[in-house]
Amino acid sequence: METSSQTNKRYLSILMVAGIILLAFNLRPAITGVGPIIGIIREDLAISNGLAGFLTSLPLLAFAFMSPLAPRIANKASNEKALLYGLLILLVGIWIRSTSLIALLFIGTALIGVGIAIINVLLPSLIKSSFPAKVGLMTGVYTTSMSMFAATASGVSVPLTVSLDLGWQWSLTSWSILTVAGIIVWSIVIKLRSKTQEQQLMEPKRGKLMRSPIAWQVTVFMGLQSFVFYVTISWLAEILISHGYSASTAGWYVAYMQFIGLPATFFTPVIAGRIPNQQPLVVIFGLCGAIGYALLYFDPGMIGTSIAVTLIGLMLGSSISLALALLGLRTTTAKQAAELSGMAQSFGYLLAAVGPIAIGFLFDITHSWKPSIVTITILTLVMISFGLGASRNKNVLEE
């Protein structure tokens, strides 16, 4: 017969899983919902392509700034409370961003980045400490949940904005419903857990980590896959529009790209957790992406475009989940996972932040998307090389 303590523990575990999934739901819609309607926002506010790209890059700059600070916030409060703080900051950012004032638009976007950064960094550590034997499985669960709602946001942002006549402001505000749900569930989790159960982290000691080749390979791999992901989310719709597709069709292609990658998002970390060397995964998904981007260069028609977007989706889905899984697989403790997560997401997203801006300016200069596609294809190949190093069977800090 199950004791009261065992019942409470099982109930708490279920709530923890639900809380992690809701956290994952909130990690991308506030960002991916912008790409398909970025042209509408640009025209409404009369801003350039470069400044519109900065709107997508700003959260990444916030990621870079906040990522090394997130473990310290968790050390002062607890992992769980720090995650709740991230949700609260995200909620405020979503509400502030949804105005017609350019200054508040960018301030709110920055706050969105701060809130998501805290969650981004601490989730791998939470999984490492709460589910140490199921790092791959739980990483698959939360990255798939994250990607699913990222894709949904891309797909419905144009219909919400245009078909339902909500305008881009209310379209972006609607995603705060997920944030409120996450706040409610995570507040219950915190209330049920005693202080001794809350996962507090030691103060990060990053000196040794920054001298680790594996840590840097994980970091650059994280940065390059993020660079490619956010550039694609930001500008794929515009690239397809330049090929003659409507804004709505282009938006659904962006959504399809993310949905088709969901199986890869789930199974990649599950497989990665069962094999010591993940290099074959890197080669397979990396080449898929490189071929997909190369196809887009030739404006291959609907069938060719569908194949290209499918290959790109498989690569993006697999690479993000593997990058996040490596934060746990290349470390031995939750503390190390938090340190590596902070480092990888700080330096990594700083690298990624230049992506949408650079590609936006490149288009402004060349008035063609072909140079941008070539750039993305080359960087995908570079990402493969760093992924091969990061996926070796070695830990960042060998005993």
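As shown above, the structure is provided for reference.
About the thresholds
- Residues numbered from 1 in each chain as written.
- Predicted model: local features only at pLDDT ≥ 70, side-chain atom pairs only at ≥ 80, totals over all residues.
- Heavy atoms only, no water.
- Helix = DSSP H or I, 4+ residues; strand = E, 2+ residues; numbered from the N terminus.
- Rg over C-alpha atoms; globule rule 2.2 N^0.38 Å.
- Buried < 20%, exposed > 50% of the residue type's maximum accessible area, 1.4 Å probe, protein only.
- Contact = heavy atoms within 4.5 Å.
- Areas by Shrake-Rupley, 256 points an atom, 1.4 Å probe, with all protein chains shown as cover.
- Lys, Arg positive; Asp, Glu negative; His and termini not counted.
- Charge placed at Lys NZ, Arg CZ, Asp CG, Glu CD.
- Expected span 1.5 Å × (residues − 1).
- Bend = angle between axes of the 7 residues up to and from the residue.
- Axes fitted to C-alpha atoms, helices over the stretch in contact; angles between N-to-C directions.
- Parallel < 35°, antiparallel > 145°, perpendicular 65-115°, else oblique.
- Nonpolar A, V, L, I, M, F, W, Y, C, P; charged D, E, K, R; others polar.
- Phe/Tyr/Trp six-rings, centres within 6.5 Å; stacked < 30°, edge-to-face > 60°.
- Core = buried A, V, L, I, M, F, W, Y, C linked by side-chain atoms within 4.5 Å.
- 1 Å grid on protein atoms, 1.4 Å probe; cavity = no way out; pocket = protein on both sides within 12 Å on 5 of 7 lines; lining within 4 Å.
- Points joined across faces, edges and corners; volume = space filled by probe spheres on them.

What follows covers the overall build of the chain. Scanning the chain from terminus to terminus reveals 18 helices and zero strands. For the chain, the C-alpha radius of gyration of 20 Å lies close to 21 Å, the compact-globule estimate for 399 residues. Expressed along its principal axes, the backbone C-alpha trace of the chain runs to roughly 65 × 45 × 40 Å. Expressed as a percentage of its 399 residues, the buried residues of the chain come to 59%. Long-range contacts, defined as pairs at least 24 residues apart, comprise 84% of the intrachain contacts of the chain with a sequence gap of at least 6. Taken as a whole, the chain presents about 15200 Å² of accessible surface, with 70% of it coming from carbon and sulfur. Here the chain contributes 23 positive and 13 negative side-chain charges, whose respective centroids are spaced 13 Å apart.

Here we come to helix α4 (residues 49–66). Spanning 18 residues, α4 covers 26 Å between terminal C-alpha atoms, matching the ideal 26 Å at 1.5 Å per step. Along α4, the sharpest kink reaches roughly 40°, centred on T56 and followed within four residues by the proline P59. With 14 of its 18 residues buried, α4 lies for the most part within the structure.

Residues apart from glycine generally show negative phi values, whereas peptide bonds are mostly found in trans. Although it is not a glycine, D299 adopts a positive phi angle of roughly 45°. Its location among the elements puts D299 in the loop between α15 (279–297) and α16 (301–329). The exposure class assigned to D299 is partly exposed, which follows from its relative accessible area of 38%.

The next subject is the side chain of T143. Note on placement: T143 falls in helix α8 (residues 135–163). Overall, the relative accessible area of 0% leaves T143 in the buried class. Not counting residues within four places of it along the chain, the set of residues in contact with T143 comprises T265, P269, S321 and L324.

Okay, the packing of α15 against helix α18 (residues 370–390) next. As a packed pair, α15 and α18 sit with axes 9 Å apart at the nearest point and diverge in direction by 175°. The orientation of α15 relative to α18 falls into the category roughly antiparallel. Across the interface between the two elements, Q279, V282, V283, F285, G286, L287, G289, A290, Y293, A294, L296 and Y297 from α15 touch K370, I373, V374, I376, T377, T380, L381, M383, I384, G387 and L388 from α18. Residue composition of the contact of α15 with α18, by class: 16 nonpolar, six polar and one charged.

Counted by the stated rule, this structure contains nine aromatic pairs. Consider the rings of F229 and Y230, whose centres lie 5.0 Å apart with planes at 90°: the pair is edge-to-face. With 4.2 Å between their ring centres and 15° between their planes, F363 and W369 make a pair best called stacked. Three or more aromatic residues link up through ring pairs in this structure, and these residues are W235, F363 and W369.

With 102 residues, the main nonpolar core has I20 and W186 as its most contacted residues. In this structure I20 touches L123, L126, I127, F131, M138, Y142 and W186, once residues within four positions along its chain are discounted. In this structure, V34, I37, L55 and L105 belong to the second largest nonpolar core, which totals 14 residues.

Applying the stated criterion across every chain yields a total of three cavities of 30 Å³ or more. Of the volumes computed, that of the largest cavity is approximately 160 Å³. Forming the walls of the largest cavity are 17 residues, and the residues nearest its centre are S147, F229, L316, G317 and I320. A breakdown of the residues in the lining of the largest cavity according to their chemical character gives eight nonpolar, eight polar and one charged. Of the pockets and cavities examined, the second largest cavity occupies roughly 60 Å³. Along the walls of the second largest cavity sit V231, T232, W235, L236, I239, Y293, L296, I373 and I376, which together make up its complete lining. Counting only elements with at least two residues in the lining of the second largest cavity, the list comes to α12 (213–242), α15 and α18. With five residues, the single largest contributor to the lining of the second largest cavity is α12. In the lining of the second largest cavity, the residues fall into eight nonpolar, one polar and no charged.

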